[in-house]
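# Structural description and commentary
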Amino acid sequence: MAKLKKASTKETEPERVAALEVRISNIYTQYRQLLPTDYKWEDEHSRWNELVYCIFAELTQHSYLDARSLSDNISELNLLDIEDLANVKIMDNGMADPDNKRIMTITDILLSNDVTEADINKTLSAICKVAQAIMENYDGKIQKFLRKYGQDIVDEFDSHVSFSEVDKGTQSRILVKWIQNTLAMPLAFSNIYTARFCEIEGVTYHELAEAADNLGLNGAVLDDLLEVFIVDAQNQVKK
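The written sequence of each chain sets the order in which its residues are numbered from 1. The predicted origin of the model limits local features to residues at a pLDDT of at least 70 and limits the giving and counting of side-chain atom pairs to 80 or more, whereas totals for whole chains, interfaces and linings rest on all residues. The basis for the side-chain values is all heavy atoms of the structure; hydrogens and waters are excluded.

### Concerning unusual backbone geometry
One non-glycine residue, Asp 114, lies in positive phi territory at about 65°. Position of Asp 114 relative to the elements: it lies in the loop between helix H5 (101-112) and helix H6 (117-138). Categorising residues by exposure relies on relative accessible area from a 1.4 Å probe, with only protein chains included: less than 20% of the type maximum marks a residue as buried, more than 50% marks it as exposed, and the intermediate range marks it as partly exposed. Taking relative accessible area as the criterion, Asp 114 reaches 66% and is therefore assigned exposed. Of note, Ala 184 is a non-glycine position whose phi angle comes to about 55°, a positive value. Given a relative accessible area of 16%, Ala 184 falls into the buried group. Numbering of helices and strands runs from the N terminus; a helix is a DSSP stretch of H or I covering at least four residues, while a strand is a stretch of E covering at least two.

### Quick notes on the pattern of salt bridges
Salt bridges are defined by distance alone: a side-chain nitrogen of Lys or Arg within 4 Å of a carboxyl oxygen of Asp or Glu. A full pass over the atoms with the stated rule returns 11 salt bridges. Linking Glu 50 and Arg 68 is a salt bridge whose minimum nitrogen-to-oxygen distance equals 2.6 Å. On the criterion of sequence distance, the pair formed by Glu 50 in helix H2 (residues 45-59) and Arg 68 in helix H3 (residues 64-76) is long-range, its members being 18 residues apart. Overall, Glu 50 belongs to the partly exposed group, its relative accessible area being 22%. Lys 122 is the partner of Asp 119 in a salt bridge, and the nearest nitrogen-oxygen pair spans 3.3 Å. Of this pair, Asp 119 and Lys 122 are both found in helix H6, three residues apart, which corresponds to roughly one turn of the helix. The exposure class assigned to Asp 119 is buried, which follows from its relative accessible area of 6%.

### A closer look at the side chain of Lys 141
Locating Lys 141 in the fold gives a position in the loop between H6 and helix H7 (142-160). Buried charge without a salt bridge: Lys 141, with Asp 139 as the nearest opposite-charge side chain at an N-O distance of 5.8 Å. Contacts are residue-level and defined by heavy atoms, with any inter-residue pair within 4.5 Å sufficient. Here Lys 141 is in contact with Ile 134, Asp 213 and Asn 214, once residues within four sequence places are set aside. Asp and Glu count as negative and Lys and Arg as positive, but His and the ends of the chain are not part of the count.

### Observations concerning the packing of helix H9 (residues 192-201) against helix H11 (residues 219-238)
Where H9 meets H11, the axes come as close as 8 Å, and the angle between the chain directions of the two elements is 65°. Relative to H11, H9 is oriented roughly perpendicular. As for how H9 packs across H11, the hand of that crossing is left-handed. Taking contact as the criterion, the partners of Tyr 193, Thr 194, Arg 196, Phe 197 and Ile 200 in H9 are, on H11, Asp 223, Leu 226, Glu 227, Phe 229, Ile 230 and Val 231. Along the lines of polarity and charge, the residues of the contact of H9 with H11 split into seven nonpolar, one polar and three charged. Axis lines are fitted through C-alpha atoms, for helices just across the contact stretch, and the angle between N-to-C directions can take any value from 0 to 180 degrees. The cut-offs work like this: below 35 degrees is roughly parallel, past 145 is roughly antiparallel, 65 to 115 is roughly perpendicular, and the gaps in between are oblique. Handedness of a helix crossing follows the sense of rotation of the near helix relative to the far helix, less than a right angle counterclockwise being left-handed and clockwise being right-handed. Only Asp, Glu, Lys and Arg are considered charged, only Ala, Val, Leu, Ile, Met, Phe, Trp, Tyr, Cys and Pro nonpolar, and every remaining residue, Gly among them, polar.

### Thoughts on the packing of H5 against H6
Taken N-terminus to C-terminus, the directions of H5 and H6 make an angle of 140°; their axes are 11 Å apart at the nearest point. As far as their axial angle goes, H6 and H5 are oblique. Note on packing geometry: the crossing formed by H5 with H6 is right-handed. On the side of H5, the interface is formed by Ile 103, Ile 106, Thr 107, Leu 110 and Leu 111, while H6 contributes Ile 120, Leu 124 and Cys 128. Looking at the contact of H5 with H6, its residues break down into seven nonpolar, one polar and no charged.

### Some points on the nonpolar core
As used here, the term nonpolar core means buried Ala, Val, Leu, Ile, Met, Phe, Trp, Tyr and Cys residues forming a set that is joined through side-chain atoms within 4.5 Å. Ranked by size, the top nonpolar core spans 28 residues in total, and within it Trp 48, Ile 74, Leu 85, Leu 110, Leu 124 and Ile 127 carry the most contacts. Within the residue set of this core, elements represented by two or more residues are H2, H3, helix H4 (82-86), H5 and H6. In this structure, Val 17, Leu 20, Tyr 39 and Ile 230 belong to the second largest nonpolar core, which totals 20 residues.

### A few points about the packing of aromatic side chains
Ring pairs are drawn from Phe, Tyr and Trp, using the six-membered ring of Trp, whenever the two centres fall within 6.5 Å, and their geometry is named by plane angle: stacked under 30 degrees, edge-to-face over 60, tilted for the rest. All told, the structure shown has five aromatic pairs when counted by the stated rule. When the ring of Tyr 138 is compared with that of Phe 145, the centres are 5.5 Å apart and the planes differ by 70°; the resulting orientation is edge-to-face. According to the relative accessible area criterion, Phe 145 is partly exposed, its value standing at 34%. Between Phe 157 and Trp 178, the aromatic rings sit 5.4 Å apart at their centres with planes inclined by 55°, giving tilted as the arrangement. Of this pair, Phe 157 sits in helix H7 while Trp 178 sits in helix H8 (residues 168-183), and the two are 21 residues apart along the sequence. By relative accessible area, which is 32% here, Phe 157 ends up partly exposed. What makes Trp 178 partly exposed here is its relative accessible area of 43%. One aromatic cluster in this structure is built from Tyr 31, Phe 197 and Phe 229. Looking at Lys 40, its charged tip hangs above the ring of Trp 41, at a distance of 4.6 Å from the centre. Distance and angle both matter: a charge sits over a ring if NZ of Lys or CZ of Arg is within 6 Å of the ring centre and within 35 degrees of the ring normal.

So, in C-alpha cells, the structure goes:
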C-alpha cells in the first residue's frame, strides 16, 4: 500500500512547490465539476473571513445577521486580506493606525452602517492583532493552526482505538477522513490516491500541503480531487 512520504518543512523545495501549485490548479480546473458542490471551507481563505465576522458580531452592537452582512460586503471589496491587515501599524494606544488607507475605508463603511466609533476602534484593532498573530505564527494561513490541532485529535483517538481488521496506516486515514467530514478540519491527506499522486509527481507530503495552502485549497477537497484524477488516469491507461 502506498504511503505518503513525510518530510520536515525544511526539506521542501520551492521549485517543486511552485510546480505543484500549477499542477493542482490545472487538475482543479479539469476535474472540479465532477466533485460535490457543497464542500465546507473549500476555499481556505473563507475561514479568515469567518473569523472576522465573529469579531464583528461580538464587538459591535449589531445583530449577528447585520454583522454577517457587513463582513461579507467588506470582504467582497477585497479589504480583508490578512497580510494587508497584519501590516497595519498598531499605535501606542493599542488601536489600528487611523491613517492607514485600508483602515480609513473600512471605518467609513462601518460608520455609514451606524457602527459607533468606539466599536470600530476596538473591532479593527482586534482584527489587525489577530491577523498579525496568524502571519507571525502560521504564515498567514489559518488552516495551518487548525490542522495542527486537528492532527492532535487524530493522534489522541488513534492512541486509544485499534481496528484489528486494518493496519495502522489505514486506521489513520479512516480517522482523518472522519475528522475532515465531521469537523470540516483542513487535514490532509486521507486516501491512497493522494499518496499515489505524491509518488508519481516525486513530491513529499509537506510539499503537497504547502502548495495546497498557497492556493488556499482545502485538504479534503484536494483528497477527493486527486482520487478522481488518479482513477481517470488509470482508466485511460486501460483503454
